[in-house]
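Okay, here's what each chain looks like letter by letter:
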Amino acid sequence: MSATASAGMLDLTDEQQDILATIRQFVDRDVIPHASRFDHDDEFPTEMVETMKEMGLFGTTIPEEYGGLGLDLVTYVLIVEELSRGWISLSGVVNTHFIASYMIKTFGTEEQKREYLPRMARGEIRSAFSMTEPHAGSDVQAIRTRAVPDGDEYVIDGQKMWVTNGLRAGLVMLLAVTDPSADPRHRGMTTFIVEKEAGVAELEGLTIPAPLKKLGYKGVESTELVFDGYRIDKGQILGGEEAGLGQGFKQFMAGIELGRVNIAARGLGIATSAFEHAIRYAQEREAFGKPISSHQSIQIKLAQMATKIRAARLLMLDAARRKQAGERADLEAGMAKLYATEIAEEVALEAMRIYGGYGYSQEYPIERLYRDAPVLILGEGSNEIQHLIIARRLLERYAI
Ligand SMILES: Cc1cc2nc3c(=O)[nH]c(=O)nc-3n(C[C@H](O)[C@H](O)[C@H](O)COP(=O)(O)OP(=O)(O)OC[C@H]3O[C@@H](n4cnc5c(N)ncnc54)[C@H](O)[C@@H]3O)c2cc1C
């Protein structure tokens, strides 16, 4: 285990250690040597995902009674960190699934849990979550996708944007407006569990255009979803029609808050990878007759990179522990997300500087890490929004 790794900061059980050792081995052997090729070809990592399925990773936090591993959030974030150390897109495949399973586990009816969680745990169906629209990202309350009741069904019309796993997912947690006159608007929003055929772009009432072209975070698709008269049974409202109608915004925000701890872990994975590559390279590469690691300016970079990673890790573990204990954790999750994702970008750039010109070359993984990091700053509530969340909570706490 490396000098910056989380496990050294925790008293892990034997089970946790075994799981993390298995994932680390998988990442070192099956992911790191191939990640850049998959990234450059923008290819979905089918075999890696199959191995993740076999390891039970799609059911990591799903309770054992529904066929999952029933692991806690701290173990989950350590797993995500490891996967992201290999390739962030792998954690992208499980991330939306993890949020969707959390939402069903927390807000679903017993029938919905029995229907979906066991299949989700086995990875038979993988999931996406969809709230963003072309005109509304940060301002979730401005979404326009409508769900109108019609007998025992709802009819959905509208366009969704940036749906990670949008094509390959067999299940999409969808946020739609059910009461446009609600005031405040968020009370008129509802979550629908959209079950669809995975990998099919043309369905009745639903079209999935070709994946969006991206800077990084490749291999895993981000798509639009175009609903045009899509019919869905009212039984697909998360939590059931009676309890779930108008609860969608709250359910999504709970999912996203959990997602923030998870995204901090992804930032740490990228930063750790960049650091580990850089400290090795700094000892191999010579300039002016000695390894560049003997030059003080490089040493300062390494020291700063490792210190930032360690600070980010403590923030992430603190937020994960609080969330796991059922405590309010919006401040801590916001801080962890903000800091870990900002330093991921900084550390990736520092690694590029240490690599010099080779950091810019596709022969080395640094350019991939550098392209992958920014998505974490933008997603799951941009870092500008994290500042607002953190400040709001601080002002509550320190109100005079
Ligand atoms: C690769 C990728 C995958 C994604 N996956 C998903 C997914 O699976 N599901 C999903 O629903 N969404 C997903 N998203 C969408 C993502 O969550 C949004 O892009 C994000 O919420 C920002 O929204 P926006 O892009 O519309 O930017 P905008 O909301 O238009 O923001 C533009 C800028 O204004 C700033 N800003 C906005 N409001 C404020 C404010 N009040 N104060 C200060 N600054 C503000 C923002 O921080 C940003 O800098 C994904 C995005 C990407 C790029």
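Residues numbered from 1 in each chain as written. Predicted model: local features only at pLDDT ≥ 70, side-chain atom pairs only at ≥ 80, totals over all residues.

Sorry if this is basic, but what is going on with the overall build of the protein here?
Helix and strand content of the protein: 12 helices and 10 strands. For 400 residues, the compact-globule estimate of 2.2 N^0.38 gives 21 Å, and the C-alpha radius of gyration of the protein, at 21 Å, lies within 12% of that figure. A burial count over the protein gives 50% of its 400 residues as buried. At a minimum sequence separation of 6, the contacts of the protein that also span at least 24 residues come to 74%. (Helix = DSSP H or I, 4+ residues; strand = E, 2+ residues; numbered from the N terminus. Rg over C-alpha atoms; globule rule 2.2 N^0.38 Å. Buried ≥ 20, exposed ≤ 12 C-beta atoms within 10 Å, placed from the backbone. Contact = placed C-beta atoms within 7 Å.)

Help me understand the domain arrangement of the protein, please; the structure alone is not making it clear to me.
For an interface, size is often stated in terms of accessible area lost upon the parts coming together. Taken domain by domain, the protein consists of domain 1 (7-121), domain 2 (127-246) and domain 3 (250-397). Once you take the C-alpha centre of each, domain 1 and domain 3 turn out to be 20 Å apart. Of the residues in the side of domain 1 that touches domain 3, the class split is 14 nonpolar, 6 polar and 5 charged. (Domains from an automatic or database assignment. Nonpolar A, V, L, I, M, F, W, Y, C, P; charged D, E, K, R; others polar.)

Any chance you could explain the packing of helix H4 (residues 88-107) against helix H7 (residues 248-284) here in plain terms?
Think of two packed helices as two axes; the pair is described by the angle between the axes and how far apart they sit. Where H4 meets H7, the axes come as close as 9 Å, and the angle between the chain directions of the two elements is 155°. The pairing of H4 with H7 is recorded here as roughly antiparallel in orientation. For H4 against H7, the interelement crossing comes out right-handed. Where H4 approaches H7, its residues Ile 88, Ser 91, Asn 95, Phe 98, Ile 99, Tyr 102, Met 103, Thr 106 and Phe 107 are matched on the opposing element by Gln 251, Ala 254, Gly 255, Leu 258, Gly 259, Asn 262, Arg 266, Gly 269 and Ile 270. (Axes fitted to C-alpha atoms, helices over the stretch in contact; angles between N-to-C directions. Parallel < 35°, antiparallel > 145°, perpendicular 65-115°, else oblique. Left-handed = near helix turned anticlockwise from the far one by under 90°.)

Got a minute to help me understand the environment of Met 103 in this structure?
Relative to the elements of secondary structure, Met 103 occurs in helix H4. Overall, the presence of 23 C-beta atoms within 10 Å leaves Met 103 in the buried class. A C-alpha to C-alpha distance of 9.9 Å links Met 103 and Phe 129, two positions 26 residues apart in sequence. Apart from the residues lying within four places of it in its own chain, the contact partners of Met 103 are Met 173, Thr 191, Leu 238, Gln 251 and Gly 255.

When you look at helix H2 (residues 46-54) in this model, what are you seeing that I'm missing?
Given 3.6 residues to a turn, an α-helix orients residues that are three or four positions apart in the same direction. Along H2, the positions that sit buried rather than exposed are Met 48, Val 49 and Met 52. Down the axis of H2, the buried set is contained in an arc of 100°. They therefore lie on one face. Seen from the buried face of H2, the exposed residues on the opposite side, beyond 90 degrees, are Thr 46, Glu 47, Glu 50 and Glu 54. (Arc of directions from axis to C-beta.)

How should I be thinking about unusual backbone geometry in this particular structure?
What is expected of a backbone is that most residues other than glycine have negative phi and most peptide bonds are trans. Omega for the bond connecting Asp 183 with Pro 184 falls within 30 degrees of zero, at 0°, which places this linkage in the cis form. One can find Pro 184 in the loop between strand S4 (171-177) and strand S5 (189-195). One non-glycine residue, Asp 42, lies in the positive phi region at around 50°. By the element assignment, Asp 42 lies in the loop between helix H1 (14-41) and H2. At Asn 165, a position not held by glycine, the phi torsion is positive, near 70°. Following the sequence through the fold, Asn 165 ends up in the loop between strand S3 (153-164) and S4. For Asn 165, a count of 27 C-beta atoms within 10 Å corresponds to the buried category.

Help me understand the site of the ligand, please; the structure alone is not making it clear to me.
In the neighbourhood of the ligand, 21 residues make up the surrounding shell, with Thr 132, Gly 137, Ser 138, Ser 382 and Glu 384 lying closest. Secondary-structure elements contributing two or more residues to the shell around the ligand are strand S1 (127-130), S3, helix H11 (374-378) and helix H12 (383-397). Among the residues making up the shell around the ligand, the classes are represented as 10 nonpolar, 9 polar and 2 charged. Looking at which domains feed residues into the shell around the ligand, each of domain 2 (127-246) and domain 3 (250-397) supplies at least three. (Near = placed C-beta within 6 Å.)

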